[in-house]
Amino acid sequence: MDIVTTTTTSQEVVVAAAATDDKLDLALQPSPEDQDEETQKHQLNWTGSTGRNTSYFSTVSRVTTCHDERAPLQFVVVAIDFGTTFSGYAFSFTKDVDSIHVMRKWEGGDPGVTNQKTPTILLLTPEKNFHSFGFTARDFYHDLSQKEAKRWLYFEKFKMALHYNADLTSETEIQAANGVSMKAIDVFAHALKFFRNHALLEISEQSNTPLNEDDIRWVITVPAIWKSPAKQFMRESAYKACIASQEKPDQLIIALEPEAASVFVRRQRLKQLIPEVVDELKDARHAAAAATNAATAAERATNAATAAAGASSPSPTTKSPPFMVADCGGGTVDITVYEMLSATGGQLKEVYKATGGPYGSIGVDLAFEKLLEDIFGRDFIDILKLKRPAGWVDLMMAFESRKRAANPFKTKPLNVSLPFSFIDYHKKFRNSTVESAVRKYNSKYVKWSSQGMLRLMPEAMEALFQPTLDNITAAINSVMSQAEVVGLFVCLFVCLCECLYVCLCLCECLYVYRVKILIPNDVSMAILKGAVIYGIDPSVVVIRKSRLTYGLGVLNRFIEGKHPESKKAIKDGTPWCVDVFDPLVFANQSVALGSSVIRSYTPASLDQKYSLFHIYCSEDRDVSYVTDEGVAKCGTLRLDLDNHQWELESNPREIQARLTFGDTEIKIVALDVATGNYVRATLDFLNK
């Protein structure tokens, strides 16, 4: 169902549940009075306060849709762009929303360089107390002796732990450079608290006004491809860092990185891709790519030309053609497609669900590490990280600078300095020189320099980039093959535009589809500044696509011949079908901001203290049972019941739960229908 409105009329809904005797489907829902009693009730499994399975009834209600009204009541909006490799913050006073303030130079930054962001590096003392963050942490750790470095906890690029860990919980641990493990939530809290304190000090100095927590709305950016556990993890880390709280959750907004970039672009003029790169691409490589995909290219060219012609001078009521945002960051690549709902710079509608993966620049680092393992041996690299952690950090810092300078159109080799600790430890470990190891590797593209450097020819550097570039290309091709993106003719490229290898990759890939690449002004700050704008007006994105299918496990009436016998259960003489998947929202379904799915529940007994439901998710839309392939339990829904008002009541108690899917996070509120009081309701995706 493709919805382009957020009004509250009964027929203009995004997600609604229509019930039958045997299944729940998402569709337009008639009013409850039009349904018979049996249709409205579905028995669910839940665990009561006694810990045993108990009966619980669910009444299905239609979805409501409303505008999100979260205009900031605070004095200032602060956004933290917490990146894999670099992080920063920006803020704006709500009385002067056109002025966005950012740090111009971080303490400890490289001489002569203006750094609006600082490396995502955290340094803790041997006692696991906070010491420093960013450039300061990097430089202090660099100056430690080998013996001291083994005692200090140095964390870098730790954000990716949230993406790679499929079983992320609040107890998940990550390792520092010296091999010491620590709770990931504490590591993230230390980092976020650094930005909190830094921002509060800066804002106080500029405003000359003492601030309290209620004066600030916080925004933290996350990749669009992150799932609910990672988003909840960031929120709970923020609470631990004294950014908002469980009692005041609305003071913190989780913003999606490509959405923030799109919001920023709405207010900016665009410039074309680096001219010399575009010129270089007009060669045989384009011809080869176009020939390989001739049919697709012709079709896309026609669609793009039609869309471009129609969009050349749009009227205020013309729907703008879709545009892609390729957010190529340090850890992940997010690819999203949006439309403007009006040609006058209106609100945004997501037209295809966010896709991508861990294809950021960190993949090039991993390829370089693999090259070192091939040359010097994996056993040596593994022990070097533990025995000479500072030396390993120095080596990767040296490679980072070379990686950023890599250019596919230059023929000169790039030299990566090997630290003395690397060279010295290799001689002790192997009883041979690094030079002999490089010679034994016998590659014409990897040589040893007499100045103590590993010399990488352009072919070697390109080989390090290639796996990451292949993943980016595959992700873009997957999106471009979708029917929803027909007419797309612009791609906004953010973050890694300084990397010409990635620029070349995108140009060659999108050239086939006749899609033009544009880079926003001030591109390195696009997400950060966009997050501030989003924090001021979160209703700017009015329609999103659900990345997954979400639902609950329920019991339905067993129907012979339809339900499998293996799912049959008899309760009080009545046959029921167990493990039925009750869908709440489908993957790639349009969900308007503020849209809610409502379920009404009646406890089976008066002495129940709480109810606990399991939430399941799948990338597939066609799910029948929670045991189907690809379906996984992803969270729990808990309703805490205050029973003292119902101890003498004879009427069944009704609890109405409203789940909101149209925001960047899934949210829930619950209401006791009879009393009108809110019931404590929580969604937990970390401790499932």
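To be clear, the structure that these remarks concern was listed above.
What comes next concerns the included structure. Note that the structure is predicted; figures quoted are calculated from it, not measured. Think of each chain on its own: its residues are numbered from 1, step by step along the sequence as written. Residues qualify for local features only when their pLDDT is at least 70, as the model is predicted, and side-chain atom pairs are given and counted only at 80 or more; totals for whole chains, interfaces and linings, by contrast, use all residues. Water and hydrogen atoms play no part in the side-chain values, which are based on all heavy atoms of the structure.

1. Remarks on the pairing of strand β28 (residues 574–585)
Relative accessibility decides the category of a residue: with a 1.4 Å probe and only protein chains considered, values under 20% of the type maximum give buried, values over 50% give exposed, and everything between is partly exposed. Numbering of helices and strands runs from the N terminus; a helix is a DSSP stretch of H or I covering at least four residues, while a strand is a stretch of E covering at least two. Of all 12 residues that make up β28, nine are buried, and the element is covered over most of its length. Pairing of strand β27 (residues 568–571) with β28, which is carried by four bridges, proceeds in the antiparallel orientation. Looking at β28, one finds that I570 is bridged to P575. Paired strands, as defined in this entry, are two strands with at least two bridges between them according to DSSP. The hairpin formed by β27 and β28 contains two residues between the paired strands, and D572 there has a positive phi angle of roughly 55 degrees.

2. Considerations on the sheet that holds strand β10 (residues 130–133)
Pairing in this open sheet of three strands is antiparallel, and the strands run β10-β9-β11 from one edge to the other. Two strands lie at the open edges of the sheet, namely β10 and β11 (153–156), each paired on one side alone. Between one strand axis and the next, the sheet turns through 20 degrees on average, direction left out of account. By the bridge criterion, four bridges tie strand β9 (residues 121–124) to β11 in an arrangement that is antiparallel. Bridging across to β11, L124 finds its partner in L153. Note on contacts: a residue pair qualifies if any of its non-hydrogen atoms lie within 4.5 Å across the two residues. Throughout, an axis means a line fitted to C-alpha atoms (over the contacting stretch in the case of helices), and angles, computed between N-to-C directions, take values from 0 to 180 degrees. Helix α5 (residues 184–207) rests against β9, β10 and β11 of the sheet, and its axis sits at about 65 degrees to β10.

3. Description of the side chain of K117
By the secondary structure assignment, K117 is in the loop between β7 (101–102) and β8 (118–119). Judged by relative accessible area, which is 16%, K117 ranks as buried. Two N or O atoms count as a polar contact when they lie within 3.5 Å, although within protein this holds only if one can serve as hydrogen donor and the other as acceptor, and sequence-adjacent residues are included solely when both atoms are side-chain atoms. Reaching out from K117, the side chain makes a polar contact with the side chain of D81 at a distance of 2.8 Å. Aside from chain neighbours lying at most four places away, what touches K117 is D81, F86, S87, G88, W106, F135, S524 and M525.

4. Brief notes about a negative patch on the surface
Like-charged residues are merged into a patch within 9 Å and nonpolar side chains (Val, Leu, Ile, Met, Phe, Trp, Tyr) within 5 Å, provided each residue has over 30% relative accessible area and no salt bridge. Using a 1.4 Å probe, the Shrake-Rupley method yields the accessible areas, and only the shown protein chains count as cover for residues. Here, a salt bridge means any Lys or Arg side-chain nitrogen found within 4 Å of an Asp or Glu carboxyl oxygen. When charges are counted, neither His nor the chain ends are considered; positive counts come from Lys and Arg and negative counts from Asp and Glu. Think of each charge as sitting on NZ of Lys, CZ of Arg, CG of Asp or CD of Glu. A cluster of acidic side chains, namely E619, D620, D622 and E629, defines a negative patch on the protein surface. With respect to the helices and strands, the residue D622 is situated in the loop between β31 (610–618) and β32 (632–640).

5. As for the pattern of salt bridges
One pass over the full model with this rule turns up 26 salt bridges. One network of salt bridges, in which partners are shared, links K157, D365, E400, K403 and R404.

6. With respect to the pairing of strand β19 (residues 348–357)
Within β19, nine of the 10 residues are buried, leaving the element largely enclosed by the surrounding structure. Of the pairings in the sheet, the one linking strand β18 (residues 333–340) to β19 comprises seven bridges and is antiparallel in character. The residue of β19 that forms the bridge with V337 is Y352. For β19 and strand β25 (residues 541–545), the ladder comprises two bridges, and the chain directions are parallel. What sits directly across from K349, in β25, is I543.

7. A short note on unusual backbone geometry
Although it is not a glycine, A244 adopts a positive phi angle of roughly 60 degrees. Checked against the element boundaries, A244 lands in the loop between α6 (228–240) and β15 (252–256). Look at N588: it is not a glycine, yet its phi comes out positive at around 65 degrees. Along the chain, N588 falls in the loop between β28 and β29 (590–592).

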